[in-house]
Amino acid sequence: MEIKKLSILFVILIGSMLIAGVTFFFTQPRSSDFQAVDGVMDLRHHKFQDHTPIQLDGEWVFIPNKLVDSSTFDSHQSYIVDVPSLWMKYTVDGQPLPALASGTYRLKILIDDDEEILGIKTSMIRMSNAIYINGKRVGNSGEPAEDSSYAPHNTPYAAYFPSNQQELDLIVHVTNFDYAPGGGIIRSIFLGNQHSIAKLREGALFYDLITTAAFLTVFIYFLGSYLYSRLGIEQLYFSLFCFSCALYTLTHGEKFLLALINMDYVPFQKIQMMSSVLIGLFLLLYFYTVLHKYMNLQVVRVLCAFGILLLLVMLLPAPINSKFQNINSLYIFTNLIYIFYAELIAIYHRATGILYLALSSLTILLYFIVATLNTHISLELNALPPLLPFICLTMLSLYISHRFADSYLEKGKLTEALLRVDQLKDEFLAKTSHEFRTPLHGIMGISQSMLNTQNTPEQEEKMALIFNIAKRLSYLVNDILDFSKLKENELTLRMTSVDLFSVTHMTVEVLSYTITKNVKIHNRIARGTFVQADEDRLRQILYNLIHNAVTYTNEGKIEITCYEEKEFLVINIQDTGHGIAQEELKNIFGAFQQSEHSIGGTGLGLHITKELVERQGGQIHVTSVVGQGTTFSVKLLKAQHINEESSPLPIPTYQQPFLTFPYIIERKGMKKVLIVDDDAVNLKVLIDILEQENYSVIAIDNGQQVFEQLGQHPDIDLLILDIMMPNISGYEICQQVRQSYTSVELPILMLTAAIRPEDMIAAFQSGANDFLHKPLDIIELKTRVRNLVLLKESAETAVTMETAFLQAQIKPHFIYNVLNSILSLSYIDLEQARAMITNFATFLRNSFSFENTNSLVPLNKELDLIQAYVNIHQTRFPSQLDFDIQVDPAATNCVIPPLLLQPLVENALLHGLKTKKEDGKLLIQIEKKQQAVHFIISDNGIGMEKEQCEHLLGDEVGHSQSVGLRNITKRLKKYEHASITINSEMNKGTTLEIVFPFYFNRKE
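Residues numbered from 1 in each chain as written. Predicted model: local features only at pLDDT ≥ 70, side-chain atom pairs only at ≥ 80, totals over all residues. Heavy atoms only, no water.

Our focus in this paragraph is the overall build of the protein chain. Scanning the protein chain from N- to C-terminus turns up 26 helices and 35 strands. A buried classification covers 48% of the 1004 residues belonging to the protein chain. Considering only residue pairs separated by 6 or more positions, the protein chain has 73% of its internal contacts joining residues 24 or more positions apart. With an accessible surface of roughly 50300 Å², the protein chain has 58% of that area assigned to carbon and sulfur atoms. (Helix = DSSP H or I, 4+ residues; strand = E, 2+ residues; numbered from the N terminus. Buried < 20%, exposed > 50% of the residue type's maximum accessible area, 1.4 Å probe, protein only. Contact = heavy atoms within 4.5 Å. Areas by Shrake-Rupley, 256 points an atom, 1.4 Å probe, with all protein chains shown as cover.)

So, about the sheet that holds strand E24 (residues 672-676). With mixed pairing, six strands are arranged side by side in an open sheet as E23-E25-E24-E26-E27-E28. Each of the sheet's edge strands pairs with one partner strand only, and the pair in question is strand E23 (663-665) and strand E28 (770-773). Along the sheet, successive strands turn relative to each other by an average axial angle of 15 degrees, direction set aside. Where E23 lies against strand E25 (residues 696-700), three bridges are found, and the strand directions are antiparallel. The partner of tyrosine 663 across the bridge, within E25, is alanine 699. Running at roughly 170 degrees to E24, helix H16 (residues 680-692) makes contact with E23, E24, E25, strand E26 (718-722) and strand E27 (748-752) of the sheet. (Pairing = 2+ DSSP bridges. Axes fitted to C-alpha atoms, helices over the stretch in contact; angles between N-to-C directions.)

Moving on, we get to the packing of helix H12 (residues 500-512) against helix H18 (residues 730-737). Each packed pair of helices is defined by two parameters, the angle between the axes and the distance between the axes. For the pair H12 and H18, interaxial distance at closest approach is 9 Å and the crossing angle is 60 degrees. Judged by residue contacts, Phe501, His505, Met506, Glu509 and Val510 of H12 engage Tyr731, Glu732 and Gln735 from H18.

As for its placement among the helices and strands, glutamate 116 is situated in the loop between strand E7 (101-111) and strand E8 (117-121). Separated by 77 residues in sequence, glutamate 116 and asparagine 193 place their C-alpha atoms 7.6 Å apart. With sequence-adjacent residues up to four places away left out, glutamate 116 is seen in contact with Phe48, Gln49, Phe161, Pro162, Ser163 and Asn193.

Looking now at the pattern of salt bridges. Within this structure, the stated rule accounts for 21 salt bridges. Note that arginine 524 and glutamate 559 form a salt bridge whose closest N and O atoms lie 3.4 Å from each other. Here glutamate 559 lies in strand E19 (residues 556-565) and arginine 524 lies in the loop between strand E17 (519-523) and strand E18 (530-533), a separation of 35 residues in the sequence. Judged by relative accessible area, arginine 524 falls into the partly exposed class, the value being 47%. (Salt bridge = Lys/Arg side-chain N within 4 Å of Asp/Glu carboxyl O.)

A few words on helix H13 (residues 535-551). End to end, H13 covers 24 Å across 17 residues, agreeing with the expected 24 Å (1.5 Å per residue, within 8%). Where H13 is concerned, the buried positions are Arg537, Leu538, Arg539, Ile541, Leu542, Tyr543, Leu545, Ile546, Ala549 and Val550. (Expected span 1.5 Å × (residues − 1).)

Another point: the pairing of E27. Every other side chain in a regular strand lies on the same face of the sheet, so the side chains alternate between the two faces. Counting buried residues along E27, five of its five residues qualify, which places the element largely inside the surrounding structure. Side chains of E27 alternate between two faces, with Ile748, Met750 and Thr752 and Leu749 and Leu751 buried alike. Strand direction decides the pairing type here: E26 and E27, joined by four bridges, are parallel. Looking across to E27, one finds that aspartate 722 is bridged to leucine 751.

Once that is clear, we can look at a negative patch on the surface. Where like charges cluster on the molecular surface, the negative patch consists of Glu535, Asp536, Asp678 and Asp701. By the element assignment, aspartate 678 lies in the loop between E24 and H16. (Patch = residues over 30% accessible without salt bridge, like charges linked within 9 Å, V, L, I, M, F, W, Y side chains within 5 Å. Lys, Arg positive; Asp, Glu negative; His and termini not counted. Charge placed at Lys NZ, Arg CZ, Asp CG, Glu CD.)

Here the residue pair valine 83 and proline 84 is connected by a cis peptide bond, since its omega of 5 degrees sits within 30 degrees of zero. Note that proline 84 resides in the loop between strand E4 (79-83) and strand E5 (91-92). In this structure, proline 662 follows phenylalanine 661 across a cis peptide bond, with omega equal to 0 degrees. Within the fold, proline 662 resides in the loop between strand E22 (629-637) and E23. Within the chain, asparagine 134 stands out as a residue other than glycine whose phi angle is a positive 55 degrees.

Time to look at the state of the cysteines. One pass over the full model with this rule turns up zero disulfides. Sulfur of cysteine 245: no disulfide; nearest cysteine sulfur belongs to cysteine 242 and is 6.3 Å away. Owing to a relative accessible area of 3%, cysteine 245 belongs among the buried residues under this scheme. (Disulfide = S-S within 2.5 Å.)

Within the protein chain, residue pLDDT values average 78, and 76% of them lie at 70 or more. The secondary structure element of the protein chain with the lowest average pLDDT is helix H1 (residues 2-27), at 47, and the one with the highest is strand E10 (residues 128-133), at 95. Confidence drops under pLDDT 50 across residues 1-7; counting only partners more than four residues distant or on other chains, this segment forms nine contacts. Considering only residues more than four positions removed or in separate chains, one finds that residues 642-655, a stretch of pLDDT under 50, has 25 contacts. (pLDDT = per-residue confidence, 0-100.)

The buried fraction of H18 is high, at six of eight residues. Those residues of H18 that sit buried are Gly730, Tyr731, Glu732, Ile733, Cys734 and Val737.

One open sheet holds the four strands; their spatial order is E2-E15-E8-E12, and the pairing between them is antiparallel. The sheet terminates laterally at strand E2 (54-55) and strand E12 (158-162), the two strands that pair on one side only. Sheet topology places E8 next to strand E15 (residues 190-193); four bridges connect them, and they run antiparallel. In the sheet register, leucine 118 faces E15, and the bridge partner there is asparagine 193.

Viewed as axis vectors pointing N to C, helix H6 (residues 297-314) and helix H8 (residues 325-348) meet at an angle of 160 degrees, and their least axial separation amounts to 11 Å. Regarding the angle of H6 to H8, the classification is roughly antiparallel. Here the hand of the crossing between H6 and H8 comes out left-handed. For the pair H6 and H8, contact is made by Val299, Val300, Leu303, Cys304, Phe306, Gly307, Leu310 and Met314 and by Ile327, Asn328, Tyr331, Thr334, Asn335 and Tyr338, respectively. (Parallel < 35°, antiparallel > 145°, perpendicular 65-115°, else oblique. Left-handed = near helix turned anticlockwise from the far one by under 90°.)

Before going further, it helps to spend a moment on a nonpolar patch on the surface. On the surface, a nonpolar cluster with roughly 540 Å² of combined accessible area is contributed by Phe306, Ile308, Leu309, Leu312, Leu315 and Ile327. With four residues, H6 is the largest single contributor of residues to the nonpolar patch. Examined against the element boundaries, isoleucine 327 turns out to sit in helix H8.

On to the side chain of serine 275. Tracing the backbone through its elements, the reader meets serine 275 in helix H5 (residues 265-290). Judged by its relative accessible area of 0%, serine 275 falls in the buried class. Not counting chain neighbours up to four residues away, the residues in contact with serine 275 comprise Ser244, Leu247, Tyr248, Thr251 and His252.

What follows is about the environment of glutamate 780. By secondary structure assignment, the location of glutamate 780 is in helix H20 (residues 778-808). In this structure the side chain of glutamate 780 is engaged in a polar contact, spanning 2.7 Å, whose partner is the side chain of arginine 784. (Polar contact = N/O pair within 3.5 Å; in protein donor to acceptor, adjacent residues only side chain to side chain.)

Note on placement: proline 317 falls in the loop between H6 and helix H7 (318-321). Here proline 317 falls in the partly exposed class, since its relative accessible area comes to 46%. The sequence separation of proline 317 and tyrosine 179 amounts to 138 residues, and the corresponding C-alpha distance is 9.7 Å.

What follows is the structure in structure tokens.
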């Protein structure tokens, strides 16, 4: 098969070459019967009106380095040269003429005097020329001169003059001081009558125009296709290749670009040189994109780098860049050879449409050969008919069609497979749902029949609970069946009164944690706003619209508002994003419709949203201004705050479990769990499960009561929190709780029926310790509750151990110093020694009291410990400390946590006053204010910086933070309205204030 394809390609190649040769043979103007000899051409027997123009080829007379007229021509040394040719081939005094020079050509033409208008047409005369007939200047391109002051402008032209003499003395002045390959008359000059010369000129212009138009047409088509679809970079490369070919045609041949744009020849020459390099570069890139499997990337990179280097060289002045003319041609030829090599490999591997690519590259090769010969020899650019661009375009169109057909057939097979899979999926959903439905109806039937029999109140309540749970599970099964019926437009919705604020808040919370750019979402919907909708579908609608706004807003804000309009509520989602063009708005809700600036997706999101809104009796509209933002408006029916569901086929329901809130089950000495859920059935299930595990339970159905219960029960060990609740969501509650309690001080377990991964992320981000999906697995719930309670217990154990450590941390050095002081006083002052022994005994007795580190102790017990410690210090250092305690009589009968004040007094003595040798002051003030006791400990010690005070009360543990202060801070968090503050100034002293709730000492 491969040999057959190669044979076909070879035959096509040879045939194309023959066609090109025959076309060239018949299209070139021919005048083999006339040749100039020794500077004279005899045309006396030639009738111009009956023939094509004559090529004035042959032997001309040439004077180098001089521009002379016919009157002085014979007085200069002249030479016989061949025209057309480069003058570097001429020999002057045994030396070749240099590339940069000037000269005068002369040819005498003998004609019959027919008194008609003749014309002359030039093709390529480098780099400027002027033509004189019988001493009269008839045409020029540029302005020749004998030195570099000339004006280059190598442009073909036609000139006309009367033939009123039998001999025409043709003088051509030529100058080239820029073009390195050399100057001279490079291609033939034509002579004919006015009609034939005009026809020749028009034919050459027509060839350039039609070739340019063909390439520009292809350029515009493929560039527009690429910009519209952005599918396949090869379209861009091929369009740029066509543009380069059009540019090459405009700057060669008749150089039509100069007729369109009035420009200097210097930039024109640079464009002319660069166009050929661009052809080779973009041709290589195009074929690499379509044949990248068969081309070496490193080779392509080297060729591209070389092409870019040539482009930079072309920007240099003409004397330099013209030296690379042959290298430009070699570069294009090398690229074509490598492309043909890759095509042969692609043919061997049976690549799709490769024969069309081979033929298209063959036409490009033919055009390149003609263009190269046009530059180097006397071959006109219009030697081939202007069919090459159309042949190239046809081959590429067939190639694209072939690829499209293969892709279409492949997609057809995939479509059939997908349809089969989709059908199997629908069958699986239907069968599985039906299998679920049968036992569910059995459970509902049995529970319903048992409800009609004689039962105890507890049994009846539990059977009603079973029935309601089974009924809700049947709704889930129906939802699965609804998805399978969506294609038949039979989706069933469960319309209820939905708390719009809660649904919106939950959606915003979920999306807020996924945003990675500077976009803020503001929920402006008032609490207590209700709409008639399917809660799950409403959440899906809001999620789609808000997520869409986030996607198309790089920076700014998204505001969600609503207002009443008769019996409807209008929800607005307004962003400050890119906006949508007006012509795109009419199709934005269509299936698979995407705007020009769409970011991913399939174009189904807004279509599904519109379907869900309309099926719930609502409407959706969009307004947008490009560059300012977009507003989506959803109109839904208003509703009152009710919890009863409406359904096309209502199922009988039974009374919810009778509970009054807060519902409290007190079990002395057991761990306490606070449950929050607005659904009484869910609360009843959780209460029964936790009651079986011997937990103390507090159940409430209103999220706003959480903080009240935490204040009344500071010993709560776990908070179980439902996310979706009216007025305030679980996310909000969790965030507010975390402002007062850390994750170990009060663990939080969040529950939700949502199954999106974003919901779980949002729960953890808001401060939850764990997360469970509904419906709950009982074993999993028990395990997670047990683990979280153990976490709280471990944290409390750590605090207790720290308190015990504070009681026992009597340094041996302190005991040694005290005993030495007692021994010394026994020789000096026996009474004082006895007093010090008494204080030391009191201090040790209170320090070694470990009966209950978590219980509250009388205030006087803490003050006795402080007094004993201070007395010991004053005995050792009599003049160093002035100590005083001021106690409000109303506060004397209160109880406080053990070691609440003593560690602070010790810190003040050791750290704040130890550098003072005398005049140290320490004051303790205790005062009852309303229902709290204020403890103020102030000293006039060395003080601290503000940053150090903040660090001491912070959560981070550092070397400079004492165990005592950290332990006191942790224990105070257990009590509502308890706080600790520090104020200090360097070298002035420190004041520490503790506010603690007033607890009456009932033992007294």
